[in-house]
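# Examining the three-dimensional arrangement
Residue-level listing of the chains:
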Amino acid sequence: QVQVVESGGGLVQPGGSLRLSCVASGSIFNIYLMGWYRQAPGKQRELVATITSGGTTQYADSMKGRFNISRDNAKNTAYLQMHNLKPEDTAVYYCNVVRLTTSTLVLTPYWGQGTQVTVSS
């Protein structure tokens, strides 16, 4: 099992910045992918950004240029630096960790409980 814990959410004014952290623990060998998703009230969960163990990143189009995902493999931690936040960025942000079982090539996802980000004046 992999435990995933997010932190860093909070209330920020429009135009402000926040950095979210995601720490994976437990059976953390072969963590292939770490990523951030978000879910606003009444909406489906959507991709924000992902990063592989090799550092390849992917972003949702609306986050490109404002959000930056990074990863410290030694600490099994992923970060999401968010700049120029907008009210529409208000959501619960979830960390997703995908572990690869090399013997079977099975990818297993694990989710954290989420951290609330509220952008409001």
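Here's what I pulled together on the structure shown here. Bear in mind the structure is a predicted one, so any value in this text is a computation, not a measurement. (Residues numbered from 1 in each chain as written. Predicted model: local features only at pLDDT ≥ 70, side-chain atom pairs only at ≥ 80, totals over all residues. Heavy atoms only, no water.)

Close approach of charged atoms allows side chains with opposite charge to pair. In total, this model carries four salt bridges according to the counting rule given. The partner of R38 in a salt bridge is E46, with the nearest N and O atoms 2.7 Å apart. When the shortest N-O distance is used, the salt bridge between D61 and K64 registers 3.2 Å. Salt bridges here are not isolated pairs; linked through shared partners, they connect R38, E46, R66 and D89. (Salt bridge = Lys/Arg side-chain N within 4 Å of Asp/Glu carboxyl O.)

Before going further, it helps to spend a moment on the sheet that holds strand 8 (residues 77-82). If you walk across this open sheet you meet the four strands as 1-3-8-7, and the pairing is antiparallel. Looking along the sheet, the strands with just one partner apiece sit at the ends: strand 1 (2-7) and strand 7 (67-72). Taken over all neighbouring pairs, the strand axes of this sheet differ in orientation by 15 degrees on average, direction set aside. Here strand 7 pairs with strand 8 via six bridges, running antiparallel. Residue pairing across strands places I69 opposite L80, the latter belonging to strand 8. (Pairing = 2+ DSSP bridges. Helix = DSSP H or I, 4+ residues; strand = E, 2+ residues; numbered from the N terminus. Axes fitted to C-alpha atoms, helices over the stretch in contact; angles between N-to-C directions.)

On to the packing of aromatic side chains, then. All chains considered together, the criterion is met by one aromatic pair. Aromatic side chains Y37 and W111 sit 5.1 Å apart centroid to centroid with 65 degrees between the ring planes, which places their arrangement in the edge-to-face category. Placement of Y37 in strand 4 (residues 31-39) and of W111 in strand 10 (residues 106-111) is noted, with a sequence separation of 74 residues between them. Here R45 stacks its cationic end above the ring of Y94, 3.7 Å away from the centre of that ring. The positively charged end of R45 is found above the aromatic ring belonging to W111, 4.7 Å away from the centroid. (Phe/Tyr/Trp six-rings, centres within 6.5 Å; stacked < 30°, edge-to-face > 60°. Lys NZ or Arg CZ within 6 Å of the ring centre and 35° of its normal.)

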